[in-house]
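Next come the chains, spelled out residue by residue.
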Amino acid sequence: CLDSNGKVHEFSSKWRTEDCHDCFCHRDGIECCSSFATPVGYDEKKCVKIFNKETCTYKVVEKHDSSKECPVHGWVG
């Protein structure tokens, strides 16, 4: 399989992309899906979501004090 960066992957191989997607190469092509969950159901006026590319996770913190995490009522993956 040839990925979008021009790298060749063997059939039945798995890898994680730089933008945190898990991919799998099979004879019909490449399948990729996000490896992270996105927060939903939090106070968007008071809080902001921040994505960490190293851990492939979101954190939701207060806009005016990023040391305080906000409650999240749901995650979509």
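Reading the values: rules and limits
- Residues numbered from 1 in each chain as written.
- Predicted model: local features only at pLDDT ≥ 70, side-chain atom pairs only at ≥ 80, totals over all residues.
- Heavy atoms only, no water.
- Pairing = 2+ DSSP bridges.
- Helix = DSSP H or I, 4+ residues; strand = E, 2+ residues; numbered from the N terminus.
- Salt bridge = Lys/Arg side-chain N within 4 Å of Asp/Glu carboxyl O.
- Buried < 20%, exposed > 50% of the residue type's maximum accessible area, 1.4 Å probe, protein only.
- Domains from an automatic or database assignment.

Section: the pairing of strand S6 (residues 57-62)
- Where strand S5 (residues 47-52) lies against S6, six bridges are found, and the strand directions are antiparallel. Looking across to S6, one finds that Phe51 is bridged to Tyr58.
- Hairpin connection between S5 and S6: a loop of four residues separates the two successive antiparallel strands, and Cys56 in this loop has a positive phi of roughly 55°.

Details of the pattern of salt bridges
- On inspection of all chains with the given rule, the structure shows three salt bridges.
- The salt bridge involving Arg16 is made with Asp22; its shortest N-O contact spans 2.7 Å.
- Judged by relative accessible area, which is 46%, Arg16 ranks as partly exposed.
- Close ionic contact of Glu62 with Lys46 constitutes a salt bridge, the shortest N to O distance being 3.7 Å. In this pair, Glu62 is assigned in strand S6 and Lys46 in the loop between strand S4 (38-40) and S5, connecting sequence segments 16 residues apart.

Some details on the domain arrangement of the protein chain
- Split by domain assignment, the protein chain resolves into domain 1 (1-35) and domain 2 (38-76).
- The straight-line distance from the C-alpha centre of domain 1 to that of domain 2 is 28 Å.

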